[in-house]
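If you want the building blocks of each chain, they are given just below.
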Amino acid sequence: MAQSSIPIPELFWSLVDKADRKFSSLRDLPNYGRNRNDSDFHKAFKIYTQLWKLQQENRQKLVEAGLRRWEIGEIASRIAQLYYGQYQRTSDSSYLSEAYIFYEAILSREYFRDGASQDPALANKQLRFLARFLMVCLVLGRREMVSRLANQLKALVDECKRNFQETEFKEWKHVVHEIFRFLKVDTPFMNMRPLRYSFAFDPHPDSLSSVASCDTKRRLVLHDAILCSYRNSGEVKFTELTLDTFRMLQCLEWEPCGLFSVKSSADSSHNGTGPNRVNLLQDIRDPTLPPNPRKLILYRPTVTHFLTVVATICEELPADGILLIYLSAAGEHGLNVPVLSSSGLSTDVAEKVVGSLDNLAMSSPLSSPQDSPIQSFKENHGQPGLWLGSRGIGEFCEGLLVIHGAEKGETTAMLLSPISQPPVMTASSDSAPYQNGSLFTMFLTAPVQAFCYLIGISGMNIDRDAYNKAEKLFSLSLTEWETILVASVALHPVWVEVMGDPFLRRLLLRFIFCRAVLARYAPANCQEVCFPACLPHLPESVSPESMVCQSAVMRLSNFFGAIGHFLFKEGIVVGESGTDETEIIKASDIHESHFAAANGC
């Protein structure tokens with residue numbers, strides 16, 4: 001009743017001030033921890049909903065009272081930022097889709113365009129809007145819109161340099177360089193199949209076979225993931241999202257059935273009407289899917305911040321939850337190691353940091369104290385550092401750590417990258433080894449593309465049909481290894497529990513493929529520093545020396561005409577099981593049609 005007596009413009013500006021305060025307080029809160037800020041988000045969202053509705057219903061009065069067009073765009077942008085922030089906290093893709101809705105409306109209605117050529121502050125608002133929208137489209141997988149926005153961003157930066165010669169736009173030129181460099185590497189070939197867990201390519205969780213020695217009373221699932229990057233300044237990234245982190249982020253999300261095949265048309269024929277009510281949720285959210293694992297991205301965090309995040313998430317991990325830690329960093333040769341005392345941390349504190357991680361069983365199982373990470377590192381480098389396993393620091397320090405109940409003394413599972421990346425057929429001698437991202441991460445997220453990249457095949461010289469056939473050959477190899485692991489009584493209990501989660505099972509099987517390929521790769525000269533490793537060890541039945549692994553690599557290399565790039569033991573022949581590639585692919589087609597029908601794809 002009292003509100004009805006307040007003039008509309010006064011009520012509007014009062015709500016703007018209130019909304020700004022709520023937005024600022026919510027933006028400053030961390031993206032992790034028990035208090036996920038849901039109530040703060042809903043309070044802020046409620047105010048912005050009122051604000052948006054008020055300006056829609058009273059647009060003319062507010063314009064007459066001085067409301068400018070860019071201010072409407074600012075409200076829509078704040079709502080989009082709220083949605084994207086909530087996606088960062090929850091990994092619920094519906095929030096990401098809602099952010100896209102509002103940003104798309106700002107773009108189509110050009111809220112920031114008028115006056116941007118005369119006002120540098122307004123031009124900066126438009127630049128920030130385009131960068132934020134780019135990030136949402138990148139994570140959402142709307143490739144056509146990403147290209148369109150990148151070109152618009154470049155054109156706007158060039159325009160601003162001409163119009164505001166006294167203003168420095170060096171940072172924005174760097175942002176433009178980053179996004180075009182990112183897109184140059186993240187090619188259509190890398191996206192020929194979704195990086196997300198897709199029922200069109202990956203088995204339905206309900207169809208996964210249980211491991212023979214599995215304790216059915218304890219069914220663990222991937223609950224949280226920390227994706228952390230410490231590479232050097234030359235890596236491919238957009239803002240604080242590195243290429244490797246982006247690939248892992250996508251790899252740990254569900255792909256709704258049928259989405260990938262219609263995504264290109266969705267980009268070009270959007271039927272919505274902007275934030276008045278657009279429903280893109282049908283594009284990104286499938287009610288039959290489990291929730292995505294929560295993911296937190298950390299870019300070059302301090303030691304204190306990293307440990308705070310790990311400790312907080314571990315403390316709040318549910319009894320049936322698994323925490324995945326992805327660490328990506330450069331090794332020696334003057335580059336940065338994940339955690340070093342040179343970061344401003346005292347040696348004593350750094351040593352305590354590594355010791356505390358050692359207590360979490362991150363280095364187990366090791367045979368003796370002399371093999372511990374901190375002991376070996378101090379012997380080789382004279383200072384403590386965060387280090388995965390007892391393998392030594394090489395060109396790359398990268399790995400996946402699976403933690404569940406580690407504070408109670410349970411073994412932590414680790415997948416470790418090669419100490420030295422093997423030579424790649426496509427890389428020139430003077431190119432940086434990380435310019436296309438980590439080969440290890442590529443094998444874990446896009447294994448067939450990684451294999452092609454290793455042997456010198458790019459997207460320019462492979463067609464869709466050939467790629468699809470290669471995917472089928474690869475999938476059948478995964479099925480073979482999965483069958484062996486499921487039936488194995490020698491499988492370590494920690495891997496038994498990892499196999500119960502579809503995301504982690506897929507990563508483990510791809511790791512076996514990566515290890516088998518690099519172990520047989522001729523340019524690596526059978527050097528163990530070029531092989532990835534895992535702790536605890538996997539059964540010998542899926543080792544790189546096993547017949548089933550060598551046959552899988554031989555089949556795929558023979559399919560691509562690259563068998564000369566690999567070294568195989570005598571007696572290993574293509575199709576030694578009595579079937580050739582054509583028969584295998586036909587059998588795969590039959591299996592795939594039954595599988596698709598069962599999953600409604």
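This one's a predicted model, so the numbers in the text were calculated from it and none came from an experiment.

Let's talk about the overall build of the chain
- A count of helical and extended segments in the chain gives 21 helices and 10 strands.
- Here the contacts in the chain between residues at least 6 apart in sequence split such that 77% fall between residues at least 24 apart.
- Accessible area of the chain: about 26000 Å², with a carbon and sulfur share of 51%.

Examining the pairing of strand β2 (residues 221–230)
- For β2, the buried fraction is high: eight of the 10 residues fall into the buried class.
- By the bridge criterion, six bridges tie β2 to strand β6 (residues 294–299) in an arrangement that is parallel. Each bridged residue has a counterpart across the sheet, and for Leu 227 the counterpart in β6 is Ile 297.

Overview of the packing of helix α19 (residues 502–520) against helix α20 (residues 547–559)
- Interhelical geometry of α19 versus α20 gives an angle of 75 degrees and a closest axis separation of 9 Å. The angle between the axes of α19 and α20 places the two elements in the roughly perpendicular class. Residue-level inspection shows Ile 512, Phe 513, Ala 516, Val 517 and Arg 520 of α19 in contact with α20, the latter providing Cys 549, Gln 550, Val 553 and Leu 556.
- Class assignment of the residues belonging to the contact of α19 with α20 gives a composition of seven nonpolar, one polar and one charged.

Looking at the pattern of salt bridges
- Under the definition given, this model contains 18 salt bridges.
- With a closest N to O distance of 3.1 Å, Arg 196 and Glu 255 form a salt bridge. Here Arg 196 is found in the loop between α8 (170–185) and β1 (197–198), whereas its partner Glu 255 is found in strand β5 (residues 254–255), with 59 residues between them in sequence.
- Relative accessible area serves as the criterion here: at 1%, Glu 255 is assigned to the buried category.
- Of the charged contacts in the structure, one is a salt bridge between Arg 520 and Glu 545, with a shortest N-O distance of 3.4 Å. With a gap of 25 residues between them, Arg 520 in helix α19 and Glu 545 in the loop between β10 (533–535) and α20 connect regions that are remote in the sequence.
- Bridged by salt links that share partners, the residues Asp 20, Glu 74, Arg 78 and Lys 125 form one connected network.

What to know about a positive patch on the surface
- A cluster of basic residues, Lys 161, Arg 162, Lys 170 and Lys 173, forms a positive patch on the protein surface.
- Contributions of two or more residues to the positive patch are made by α7 (143–163) and α8.
- Looking at where Lys 170 falls in the secondary structure, it is placed in helix α8.
- Given a relative accessible area of 61%, Lys 170 falls into the exposed group.

With respect to unusual backbone geometry
- The omega angle of the peptide bond from Leu 535 to Pro 536 is -5 degrees, so this bond is cis rather than trans.
- Here Pro 536 shows up in the loop between β10 and α20.
- Phi angles above zero are rare outside glycine, and Thr 239 is one such case at about 55 degrees.
- In this fold, Thr 239 is placed in the loop between β3 (237–238) and β4 (241–242).

Overview of helix α5 (residues 93–109)
- Between the first and last C-alpha of α5 there are 25 Å, a value that for 17 residues agrees with the 24 Å anticipated at 1.5 Å per step.
- Here α5 lies mainly inside the structure; 15 of its 17 residues are buried.
- Glu 110 occupies a position one or two residues after α5 and carries a positive phi of about 50 degrees.

Focus on the packing of aromatic side chains
- Within the structure shown, the criterion is met by 33 aromatic pairs.
- Connected via pairs of aromatic rings, a cluster forms that spans Phe 443, Phe 451, Phe 474, Trp 481, Phe 513, Tyr 521, Phe 559, Phe 560, Phe 566 and Phe 568.
- One cation-aromatic arrangement involves Arg 78 over Phe 23; the distance from NZ or CZ to the ring centre is 4.3 Å.
- The ring of Tyr 100 has Arg 142 sitting right over it, with the charged end atom 4.7 Å from the ring centre.

Some details on α20
- The first and last C-alpha atoms of α20 sit 18 Å apart over 13 residues, in line with the 18 Å expected at 1.5 Å per residue.
- The element α20 is largely enclosed, with a buried count of 10 among its 13 residues.
- For α20, every residue scored as buried is listed here: Val 548, Cys 549, Gln 550, Ser 551, Ala 552, Val 553, Met 554, Arg 555, Leu 556 and Ser 557.
- Just downstream of α20 lies Gly 561, where phi reads positive at about 65 degrees.

Digging into the pairing of strand β9 (residues 413–416)
- Side-chain alternation along β9 places Ala 413 and Leu 415 on one buried face and Met 414 and Leu 416 on a second face that is also buried.
- As defined by bridge partners, β9 adjoins β10 across three bridges and the pair is classed as antiparallel. Bridge pairing in β10 links Leu 416 to Ala 533.

Comments concerning the side chain of Gln 86
- Mapped onto the elements, Gln 86 comes out in helix α4 (residues 69–90).
- Judged by its relative accessible area of 1%, Gln 86 falls in the buried class.
- When sequence neighbours within four positions are dropped, the list of residues in contact with Gln 86 reads Asp 38, Phe 41, Ser 91 and Tyr 95.

Things to note about the confidence of the model for the chain
- This prediction gives the chain a mean pLDDT of 78; 73% of its residues lie at or above 70.
- Note that pLDDT drops below 50 for residues 258–274; the model gives that stretch 29 contacts with residues more than four away or on any other chain.

Observations concerning the nonpolar core
- By size, the foremost hydrophobic cluster in this structure holds 155 residues, and its most contacted members are Trp 481 and Trp 495.
- Ranked by the residues each element gives to this core, the list is headed by helix α6 (residues 120–140), at 14 residues.
- Those residues within four positions of Trp 495 in sequence are excluded, and the remaining contacts are Ala 413, Met 414, Leu 415, Leu 508, Cys 534, Leu 535, Pro 536, His 537 and Leu 538.
- The next biggest cluster of nonpolar side chains, apart from the first, holds 21 residues, and it includes Phe 306, Cys 314, Leu 323 and Leu 327.

So, the environment of Ala 470
- Of note, Ala 470 is situated in helix α17 (residues 464–487).
- Spatially, the C-alpha atoms of Ala 470 and Gln 449 are 9.9 Å apart, while their sequence positions differ by 21 residues.
- Those residues in contact with Ala 470, other than ones at most four positions away along the chain, are Val 448, Leu 556, Phe 559 and Phe 560.

Side note on the environment of His 223
- Considering the arrangement of structural elements, one finds His 223 in strand β2.
- For His 223, a relative accessible area of 25% translates into the label partly exposed.
- On a C-alpha basis, the gap between His 223 and Leu 324 in space is 8.2 Å, while along the polypeptide they are 101 residues apart.
- For His 223, the residues in contact, after removing those within four places along its chain, are Pro 293, Arg 294, Leu 317, Pro 318, Gly 321 and Ile 322.

Some words on the side chain of Lys 125
- Residue position: Lys 125 is located in helix α6.
- A polar atom in the side chain of Lys 125 sits 3.5 Å from the side chain of Glu 74.

What counts, and where the lines are drawn
Residues numbered from 1 in each chain as written. Predicted model: local features only at pLDDT ≥ 70, side-chain atom pairs only at ≥ 80, totals over all residues. Heavy atoms only, no water. Helix = DSSP H or I, 4+ residues; strand = E, 2+ residues; numbered from the N terminus. Contact = heavy atoms within 4.5 Å. Areas by Shrake-Rupley, 256 points an atom, 1.4 Å probe, with all protein chains shown as cover. Buried < 20%, exposed > 50% of the residue type's maximum accessible area, 1.4 Å probe, protein only. Pairing = 2+ DSSP bridges. Axes fitted to C-alpha atoms, helices over the stretch in contact; angles between N-to-C directions. Parallel < 35°, antiparallel > 145°, perpendicular 65-115°, else oblique. Nonpolar A, V, L, I, M, F, W, Y, C, P; charged D, E, K, R; others polar. Salt bridge = Lys/Arg side-chain N within 4 Å of Asp/Glu carboxyl O. Patch = residues over 30% accessible without salt bridge, like charges linked within 9 Å, V, L, I, M, F, W, Y side chains within 5 Å. Lys, Arg positive; Asp, Glu negative; His and termini not counted. Charge placed at Lys NZ, Arg CZ, Asp CG, Glu CD. Expected span 1.5 Å × (residues − 1). Phe/Tyr/Trp six-rings, centres within 6.5 Å; stacked < 30°, edge-to-face > 60°. Lys NZ or Arg CZ within 6 Å of the ring centre and 35° of its normal. pLDDT = per-residue confidence, 0-100. Core = buried A, V, L, I, M, F, W, Y, C linked by side-chain atoms within 4.5 Å. Polar contact = N/O pair within 3.5 Å; in protein donor to acceptor, adjacent residues only side chain to side chain.

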